[in-house]
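Chains, contacts and geometry: an overview
Each chain, written out:
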Amino acid sequence: MTYRIIAGGTLWAFADLKQLMAKATPLRSGDVLAGVAASSAEESVAARMCLADVPLRQFLTEALIPYEADDVTRLIMDSHDATAFRPVAHMTVGQFRDWLLTPAASSAVLSALARGLTPEMVAAVSKLMRNQDLILVARKCRVVTRFRNTIGLAGTMAVRLQPNHPYDDKRGIAASIVDGLLYGCGDAVIGINPASDNIAVLSDLNHMLDEIVHRYDIPTQTCILTHVTSSIGMIEQGVPVDLVFQSVAGTQKTNQSFGVTLDMLREGRDAALSLKRGTVGDNVMYFETGQGSALSAGGHHGVDQQTCEARAYAVCRAFDPLIVNTVVGFIGPEYLADGKQIVRAGLEDHFCGKLLGVPMGCDICYTNHAEADQDDMDVLLTLLGAAGVTFVIGVPGADDIMLNYQSTSFHDQLYIREVLGLGRAPEFEAWLQRMGLTDAAGQLTHHGLDHPLLTILEAS
Amino acid sequence: MAKDLAMTDAARVSRETNTVLTALTDARVGLGRVGASMPTAEVLKFAYAHARARDAVHADFDADALGEALAAIGLESVSARSAAPDRMTYLRRPDLGRRLADADRARLDALQAEGVDIGIVVADGLSATAVHVNAVPFLAALLPMLRNAGFTVGPVAFVQNARVAVGDEIGALLRARLVLVLIGERPGLSSADSLGVYLTHGPVPGRSDAERNCISNIREGGLVPPLAARKAMWLVSESLRRQLSGVALKEEEATLIGTAAEG
């Protein structure tokens, strides 16, 4: 179906919903690369005007990627909750934006609505929103998840402690873990990106993390971020796996390029659940996503990268994850060229994830071939903190020496806590106080070589 | 000293902890803090490292010097370019970096009609510096192992402004049973010279990343080239024996990784 609008005395026409969505997207290099971006600034705004008049219902009948060709489309369509959708069923995309910004769209109302929304609806409305709209609405969304602690409560922000090491040296990893814990990081997860994909090495790392968490009674969870099949393999061998990780994307073909299917994810979740390792809840999955992956894998079907990304959250949502994060600037300048595009994408991803009911965090990051630096990361961290981001990453000095990119540091999370008064997961916060690492106000205290956590170094 | 007097006991013991941590990893642990923030010296060190990495991204690929070094260990080489005409285009157009310039395609096709077991591609990727430093030591260690095992090796193809997938096209042109792509990885702050090696069995344009095996972070201070070569040799042998690569070929040689620190 063709979409038309007259703007500025010109008749603009868009061949279908997919093209309309792509051309309505704020400019980014990945859509230009894919050849789906608007050809002028004027066309982009005309597309937004046209998109504002599209009924939300249209997304239930006009699939951007054919139902028959893609299992993510099937997942989205088959799991759509028509009852939950009813309160907004009569709205256009533009009306939906206006409504979201009113008090009527309260935290409770948005929670009840989540399963009635499809990723395409959420992506569409985000395209009509300014950055401040993305922040205002996202901060109303409350998504709370649990494993050994409670993540996502109002006024809190968790941190993934990311102690990567270039060749998985356990003492090196332990040093980063100790440093991070001393900075009060690690409530989202202590999660290692291993350099190796060797099962014996991964198992060894899992045992190491399990030992640390249990020896010091830390109310948090651990994860080795390896392929889901490796995690399943470890669980079958009796290795203590807390969270099962997988990178996922919004199309079947892209997931295929990751070597993953929805059935594998189901199997991974079942395997993790069978261990019953959570103490306060059973959200056992950890997913990472990022704009541009579908195009990179040749699996985008002509759909713009932001919409593809939102579809990935439908995949995540189906498996009740503990945490999900977009790795927003990791993929490089061919998809998000500079600080401006990375900031915008980070806010969009967080907004779309939250509105869909996903516990959305963000790896606020960039690579050295992008036109970005620490100042851009400060901007995005501040904006996401204001938007109520579920968690961010904590890497020593913001420099990941294994993955070769810059994320946020242990210091950065302290900065945003200080500016916005954000607390930690309550169980973890209480543990920090018990360990004498923070005072009653949550402020870090000084500590010496005799602090018990330093013994982690000897054990590793 | 006034400086010592200004330092509280608490700050001093924290500094002792930091010294213990920094001895164990190259990660930026134990930086200390001023309030919530990084001390001035650390902020500036970080900025300097970022500047150096930025410069590595834009360094020129010196294929001539590499060609001479490889000739010395008995490897022929041939230079080619990707379809990306310049560095800035390369950075934003991965599609162009994944395929050969038209002129070079025909030239490579004529080189090796017989076919080989192993095709080798050396690409600048995102750090020509990494290739300049680590490609020759890696190949010098790998080549004797490949020859001892009786594998035939094609001429090394240097490709400027290239990405991993360019190896699919080159591997197919060389009629190689598998292709190894040595490529400069994204420079990090503490390593602007990290080399990656990607193995793809049955190279042909259109292979997906799940069909490759990767050995990353090859450099002094990371996975040292001789050890990386041993890992590559294992992967090559298993890949050719089982006739596959990628997720299906999990690396199982644990002992090699366990000795990474010694290598």
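Residues numbered from 1 in each chain as written. Chains lettered and ligands numbered in written order. Predicted model: local features only at pLDDT ≥ 70, side-chain atom pairs only at ≥ 80, totals over all residues. Heavy atoms only, no water.

Notes on the overall build of chain B
What counts here: The way it works is that DSSP assigns letters per residue, a run of H or I at least four long becomes a helix, a run of E at least two long becomes a strand, and they are numbered from the N terminus. Three labels apply to residues, based on accessible area from a 1.4 Å probe with only protein chains included: buried if under 20% of the type maximum, exposed if over 50%, partly exposed otherwise in between. Here, two residues are considered to be in contact whenever any of their heavy atoms come within 4.5 Å of each other. Here the open area of atoms and residues is found with the Shrake-Rupley method and a 1.4 Å probe, where only the protein chains shown may cover a residue.
Broken down by element type, chain B carries 11 helices and six strands. The buried share of chain B, reckoned over its 263 residues, is 54%. Put simply, 71% of the contacts in chain B that link residues at least 6 apart link residues at least 24 apart. Summed over all atoms, the accessible surface of chain B reaches about 11200 Å², with 53% contributed by carbon and sulfur.

Section: the packing of helix α10 (residues 131-138) of chain A against helix α18 (residues 339-355) of chain A
All names here are of chain A. Where we set the bar: To obtain an axis, a line is fitted to C-alpha atoms, over the contacting stretch when the element is a helix, and the angle between two such axes runs from 0 to 180 degrees between their N-to-C directions. Here the angle decides the label: under 35 degrees means roughly parallel, over 145 means roughly antiparallel, 65 to 115 means roughly perpendicular, and every other value means oblique. Each crossing gets its handedness from the near helix: less than a right angle anticlockwise from the far helix is left-handed, clockwise is right-handed.
Running from N to C, α10 and α18 point in directions that differ by 30°, and their axes come no closer than 9 Å. Here α10 is positioned roughly parallel relative to α18, judged by the angle of their axes. In this structure, α10 crosses over α18, and the sense of that crossing is left-handed. When α10 is examined against α18, the residues Asn 131, Leu 134, Ile 135, Val 137 and Ala 138 are found in contact with a partner set consisting of Val 343, Arg 344, Leu 347, Glu 348, His 350, Phe 351 and Leu 355.

Here's the deal with the sheet that holds strand β5 (residues 195-201) of chain B
Residues and elements named next belong to chain B. We apply this condition: We call two strands paired when DSSP finds no fewer than two bridges between them.
Ordered by their spatial adjacency, six strands build an open sheet running β1-β3-β2-β4-β5-β6, and the pairing between neighbours is mixed. In this open sheet, the two edge strands, each paired with only one partner strand, are β1 (77-81) and β6 (212-218). Taking each pair of neighbouring strands and ignoring which way they run, the sheet shows an average axis angle of 20°. Bridging between strand β4 (residues 176-184) and β5 involves seven bridges; their strand directions are antiparallel. Across the sheet, the residue bridging to Leu 178 is His 201, located in β5. With respect to the sheet, helix α9 (residues 166-173) is in contact with β2 (116-123), β3 (153-160), β4, β5 and β6, its orientation differing from that of β4 by roughly 145°. Sitting on the sheet, helix α10 (residues 225-242) is in contact with β2, β4, β5 and β6, with an inclination near 175° to β6.

Here's the deal with the nonpolar core
Threshold: We define the nonpolar core as a collection of buried residues of types Ala, Val, Leu, Ile, Met, Phe, Trp, Tyr and Cys that are connected through side-chain atoms lying within 4.5 Å of one another. Residue ranges for the domains trace back to a domain assignment, done automatically or taken from a database.
Of all hydrophobic cores here, the largest spans 158 residues; its most connected members are Leu 51, Phe 96, Leu 100, Tyr 286, Phe 351 and Leu 355 of chain A. The residue makeup of this core includes at least three contributed by each of domain 1 (3-129) and domain 2 (145-434) of chain A. When sequence neighbours within four positions are dropped, the list of residues in contact with Leu 51 of chain A reads Leu 20, Met 21, Ala 24, Phe 59, Val 93, Ala 124, Lys 127 and Leu 128 of chain A. Within the second largest apolar cluster, 40 residues are counted, among which are Ile 118, Leu 143, Phe 158 and Leu 182 of chain B.

Quick word on the pairing of β4 of chain B
For a regular strand, side-chain orientation follows a simple rule: the groups alternate between the two sheet faces. Residue and element names in this part refer to chain B. Most of β4 sits inside the fold, with eight of its nine residues counted as buried. Summarising the sheet, β2 and β4 pair through seven bridges and their orientation is parallel. Bridging across to β4, Ala 123 finds its partner in Ile 183.

Some thoughts on the domain arrangement of chain A
Reports of interface size often rely on the accessible area that becomes lost once the parts have come together. Residue and element names in this part refer to chain A. Going by this rule: The term buried area refers to how much accessible surface (probe radius 1.4 Å) is lost by two components on association, counted for both of them together. What makes a salt bridge here is a side-chain nitrogen of Lys or Arg within 4 Å of a carboxyl oxygen of Asp or Glu, nothing more. Any pair of N or O atoms that falls within 3.5 Å is considered a polar contact. Within protein, one atom must be able to donate a hydrogen and the other to accept it, and sequence-neighbouring residues count only if both atoms are side-chain atoms. Nonpolar residues are Ala, Val, Leu, Ile, Met, Phe, Trp, Tyr, Cys and Pro. Charged residues are Asp, Glu, Lys and Arg, and all others, Gly as well, are polar.
Annotation of chain A at the domain level lists domain 1 (3-129) and domain 2 (145-434). Taking only C-alpha atoms into account, the centre of domain 1 sits 27 Å from that of domain 2. With 38 residues of domain 1 in contact, the opposing surface of domain 2 contributes 38 residues. At the boundary of domain 1 with domain 2, total buried surface from both sides reaches about 3100 Å², with 60% on carbon and sulfur atoms. Between the two partners, domain 1 and domain 2, sit five salt bridges. In this structure, Glu 348 engages Arg 28 in a salt bridge whose closest nitrogen and oxygen atoms are separated by 2.7 Å. At the boundary of domain 1 and domain 2, one finds 25 residue pairs in polar contact (both at pLDDT 80 or more). At the level of elements, α1 (17-24), α2 (29-34), α5 (71-78), α7 (93-100) and α9 (119-127) are the ones that each hand at least two residues to the side of domain 1 that touches domain 2. The element best represented in the side of domain 1 that touches domain 2 is α9, accounting for seven residues. Partitioning the side of domain 1 that touches domain 2 into residue classes produces 23 nonpolar, six polar and nine charged.

Describing the interface of chain A and chain B
Tallying the contact residues gives 62 residues for chain A and 58 residues for chain B. Of the roughly 4800 Å² buried at the junction of chain A and chain B (both faces included), carbon and sulfur atoms supply 57%. Per-residue buried area on chain A facing chain B is highest for Tyr 167, Asn 368 and Asn 404 of chain A; these three make up 14% of the total on that side. Run the count over chain A and chain B and you get three salt bridges. Residue Glu 334 of chain A pairs with Arg 163 of chain B through a salt bridge whose shortest N-O separation is 3.1 Å. At the boundary of chain A and chain B, one finds 15 residue pairs in polar contact (both at pLDDT 80 or more). Elements with a minimum of two residues in the side of chain A that touches chain B: α11 (170-182), α12 (199-215), α13 (228-236), α14 (252-257) and α20 (410-420) of chain A. Of the residues forming the side of chain A that touches chain B, the biggest block, seven residues, is contributed by α11 of chain A.

What about the packing of aromatic side chains?
Note the threshold: The pairing test for Phe, Tyr and Trp rings, Trp by its six-membered ring, is centres within 6.5 Å, and the orientation test on the planes gives stacked under 30 degrees, edge-to-face over 60, and tilted for anything in between. Charges are assigned to positions over rings by a cutoff of 6 Å between ring centre and Lys NZ or Arg CZ, combined with an angular limit of 35 degrees from the ring normal.
Scanning all chains against the criterion turns up eight aromatic pairs over all chains. Between Phe 330 of chain A and Tyr 405 of chain A the ring centres are 4.9 Å apart and the planes differ by 90°, which places this aromatic pair in the edge-to-face class. Residue Phe 330 of chain A is located in the loop between β10 (323-327) and α18, and its partner Tyr 405 of chain A is located in strand β14 (residues 405-406); the two are separated by 75 residues in the primary sequence. A residue is classified by how much of its surface remains accessible, and Phe 330 of chain A, at 26% relative accessible area, is partly exposed. By way of ring pairs, the aromatic residues Phe 245, Tyr 286 and Phe 391 of chain A are connected into one cluster. Geometry around Phe 330 of chain A places Arg 186 of chain B over its ring, the cationic atom sitting 4.4 Å from the centre.

Comments concerning the pattern of salt bridges
Pairs can form between side chains of opposite charge once their charged atoms are near each other. Residues and elements named next belong to chain A. One pass over the full model with this rule turns up 33 salt bridges over all chains. Arg 311 is the partner of Glu 120 in a salt bridge, and the nearest nitrogen-oxygen pair spans 2.8 Å. Of this pair, Glu 120 sits in helix α9 while Arg 311 sits in helix α17 (residues 305-317), and the two are 191 residues apart along the sequence. Taken as a pair, Glu 120 and Arg 311 share a single burial class, namely buried. For Asp 263, the salt bridge identified is with Arg 266, shortest N-O distance 2.6 Å.

Some remarks on unusual backbone geometry
The phi dihedral of Lys 276 of chain A falls on the positive side, at around 50°, and the residue is not glycine. Its place among the elements puts Lys 276 of chain A in the loop between α15 (262-275) and β9 (285-289). Overall, Lys 276 of chain A belongs to the exposed group, its relative accessible area being 70%. The backbone of Arg 175 of chain B sits at a positive phi, close to 55°, despite the residue not being glycine. Note that Arg 175 of chain B resides in the loop between α9 and β4.

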